[in-house]
Amino acid sequence: MSERVKPVPEAGNGTGPISRTAYLHVNYRKITPLQAPLTVCGRVDRIEGRKTFITAELRDEQGDLLADCEGLMVQLLPWQP
């Protein structure tokens with residue numbers, strides 16, 4: 001799941017400011033099957049200044065929730081690497 005939660009500019013068209021993951025919490029709800037189609041749905045919940053709060057879900061073909069997460073991305077200042 002964490003490989004699918006990308007900093008905000010990577011989730012869009014790549015032209016936005018660079019952000020870094022400040023916090024990421026994943027709840028593993030069920031065993032994730034291998035070699036099976038899965039769906040990841042992520043969204044921006046809110047933006048507060050340089051902070052972007054996100055959530056995402058991982059579901060199987062039947063729509064069962066396998067994992068969910070919440071995260072905080074922080075936009076870097078111009079002088080930050």
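Residues numbered from 1 in each chain as written. Predicted model: local features only at pLDDT ≥ 70, side-chain atom pairs only at ≥ 80, totals over all residues. Heavy atoms only, no water.

Caption draft 1: The arrangement of the pairing of strand 2 (residues 39-48) in detail. With nine bridges connecting them, strand 2 and strand 3 (residues 51-59) associate as antiparallel partners. Note on strand 3: the bridge partner recorded for Arg43 is Thr55. In textbook terms, the turn of a hairpin is the stretch between consecutive antiparallel strands, and for strand 2 and strand 3 this stretch comprises two residues, one of which, Gly49, has a positive phi near 65°. (Pairing = 2+ DSSP bridges. Helix = DSSP H or I, 4+ residues; strand = E, 2+ residues; numbered from the N terminus.)

Caption draft 2: Layout of the pattern of salt bridges. Inspection of every chain in the model, using the stated rule, returns five salt bridges. We note a salt bridge from Asp64 to Lys30, for which the minimum N-O separation is 3.8 Å. Here Asp64 is found in the loop between strand 3 and strand 4 (65-75), whereas its partner Lys30 is found in the loop between strand 1 (19-28) and strand 2, with 34 residues between them in sequence. Looking at Lys30, the relative accessible area reads 48%, which means it is partly exposed. (Salt bridge = Lys/Arg side-chain N within 4 Å of Asp/Glu carboxyl O. Buried < 20%, exposed > 50% of the residue type's maximum accessible area, 1.4 Å probe, protein only.)

Caption draft 3: Up close: the side chain of Thr55. Here Thr55 lies in strand 3. Side-chain polar atoms of Thr55 contact the side chain of Asp45, separated by 3.2 Å. (Polar contact = N/O pair within 3.5 Å; in protein donor to acceptor, adjacent residues only side chain to side chain.)

Caption draft 4: Spotlight on the sheet that holds strand 4. A sheet is described by the order of its strands in space; here four strands give the open sequence 1-4-3-2, paired in antiparallel fashion. Among the strands making up the open sheet, the edge pair consists of strand 1 and strand 2. Neighbouring strand axes in the sheet, compared pairwise and without regard to direction, differ in orientation by 20° on average. (Axes fitted to C-alpha atoms, helices over the stretch in contact; angles between N-to-C directions.)

Caption draft 5: Layout of the side chain of Asp60. Relative to the elements of secondary structure, Asp60 occurs in the loop between strand 3 and strand 4. Although Asp60 is buried, it forms no salt bridge, and the closest oppositely charged side chain is Lys30 at an N-O distance of 5.8 Å. Of note is the side chain of Asp60, whose polar atom sits 2.8 Å from the backbone nitrogen of Asp64. (Lys, Arg positive; Asp, Glu negative; His and termini not counted.)

Caption draft 6: Structural context of unusual backbone geometry. Of note, the phi angle at Gln35 is positive, near 55°, even though the residue is not glycine. Considering the arrangement of structural elements, one finds Gln35 in the loop between strand 1 and strand 2. A residue is classified by how much of its surface remains accessible, and Gln35, at 85% relative accessible area, is exposed.

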